[in-house]
Amino acid sequence: MNNTDIKNVFGKSKGYIKLSELLNEDGSPNWTRFDEIFDDYFNKVADDKFAKGRYNLRTRPEHHDGESNTREHIENVVNSVLKSNVSANIKSNLIIAAMLHDIAKPFRRGNAHGLDAMEIINEIFSESEESNLIKLAVRHHMFSDTQSEFTLDEAKKIINDAVNLNVNINEFIELLLALNSADIIRNRDLSVIDSYTNKPLLDTVKEEYEFKKRLLQQAIDIKNSETIAENKRKIYD
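Throughout this document, residue positions are counted from 1 along each chain, in the order its sequence is written. Under the rules for a predicted model, residues below a pLDDT of 70 receive no local features and side-chain atom pairs below 80 are neither given nor counted, while totals for whole chains, interfaces and linings still include all residues. Hydrogens and waters are ignored; side-chain quantities use all the structure's heavy atoms.

1. Quick word on unusual backbone geometry
Link 1 in the chain: The backbone phi angle of F143 is positive, close to 70°, even though this residue is not glycine.
Link 2 in the chain: Secondary structure elements follow DSSP: runs of H or I no shorter than four residues count as helices, runs of E no shorter than two count as strands, and numbering proceeds from the N terminus. Here F143 is to be found in the loop between α6 (131-139) and α7 (152-164).
Link 3 in the chain: Although it is not a glycine, N187 adopts a positive phi angle of roughly 65°.
Link 4 in the chain: Of note, N187 is situated in the loop between α8 (169-185) and α9 (201-236).
Link 5 in the chain: Buried means the residue's accessible area, taken with a 1.4 Å probe over protein chains only, is under 20% of the maximum for its type, while exposed means over 50%, and partly exposed covers the values in between. Residue class for N187 comes out partly exposed when judged on its relative accessible area of 30%.

2. Looking at the pattern of salt bridges
Link 1 in the chain: Should a side-chain nitrogen of Lys or Arg be within 4 Å of a carboxyl oxygen of Asp or Glu, the pair is scored as a salt bridge. Evaluated as defined, the whole model comprises 14 salt bridges.
Link 2 in the chain: Close ionic contact of R71 with E75 constitutes a salt bridge, the shortest N to O distance being 2.7 Å. Here R71 pairs with E75, and both are found in helix α3 (residues 70-83), just 4 residues apart, close to one helical turn.
Link 3 in the chain: What makes R71 buried here is its relative accessible area of 11%.
Link 4 in the chain: On the accessibility criterion, E75 (27% relative accessible area) is partly exposed.

3. Quick look at α6
The periodicity of an α-helix, 3.6 residues per turn, causes residues three or four places apart in sequence to face the same way.
Link 1 in the chain: Of all 9 residues making up α6, 8 are buried, and the element is well covered by its neighbours.
Link 2 in the chain: Taken residue by residue, α6 has S131, L133, I134, K135, L136, A137, V138 and R139 as its buried positions.

4. Considerations on the confidence of the model for the protein chain
Link 1 in the chain: Values of pLDDT, ranging from 0 to 100, describe the predictor's confidence in every residue of the model. Per-chain confidence: the protein chain averages 87 in pLDDT, with 85% of residues scoring 70 or above.
Link 2 in the chain: Mean pLDDT in the protein chain bottoms out at helix α1 (residues 3-10), which sits at 54, and peaks at α3, which reaches 97.

5. Observations concerning the side chain of K105
Link 1 in the chain: Mapped onto the elements of the fold, K105 is located in the loop between α4 (88-100) and α5 (113-124).
Link 2 in the chain: In protein, a polar contact means a hydrogen-donor-capable atom and an acceptor-capable atom, both N or O and within 3.5 Å, with residues adjacent in sequence counting only if both atoms are side-chain atoms; elsewhere, any N or O pair within 3.5 Å suffices. Here D102 takes part through its side chain, which lies 3.0 Å from a polar atom of the side chain of K105.

6. Focus: the environment of V205
Link 1 in the chain: Its place among the elements puts V205 in helix α9.
Link 2 in the chain: A residue is classified by how much of its surface remains accessible, and V205, at 11% relative accessible area, is buried.
Link 3 in the chain: The spatial distance from the C-alpha of V205 to the C-alpha of I185 is 7.4 Å, given a sequence separation of 20 residues.
Link 4 in the chain: Those residues in contact with V205, other than ones at most four positions away along the chain, are S181, I184 and I185. Note on definitions: a residue-residue contact is assigned when non-hydrogen atoms from the two residues lie within 4.5 Å.

So this is what it looks like as structure tokens:
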């Protein structure tokens, strides 16, 4: 997806429901409203999508140990978010992003479900001041669209998207890393052995966090250098 495409996709919210409806007045997740919205959505679109009526959030099986379906997984991730120590200014956006990060799993297998989730958000929800930040975090919460390890090239794509959408880079990076960490933890005790790495979960989360943060920072530095070089060329042209 090129820069024009990313702007077009992120700017095409067609829904009328406010993202803020996913939160109660006290800032906690409103699961009643969440279930109303997505039960209605999957009932309406199932015949027109890849799922063909086979799955919704409660019937789509999860491959994670201890989770029977995607709805259960989403709630586990949100519960991890609620326990996380993040800046107060991103907490609400983080909760909403966690509630929405896997809503497309009934339609797609593999890491690219973040892109489909972003498009579903556009179908259901209206634009808001924070919607691009939330959609960008949902879009990239897997960090890679393939099953391979996260790379600098992929980090550069993520930062380019953030720059093109004019979001606050620092807030976005904190939001994205916190969402990814919660997705790994999914409300488990940090002392358990992670089945993917065979290491204590706490060690896995720390290693993933530092590795991804380092590549994202490298991508930011490269982007800043490119911007400085471009500005110099404009001056001398």
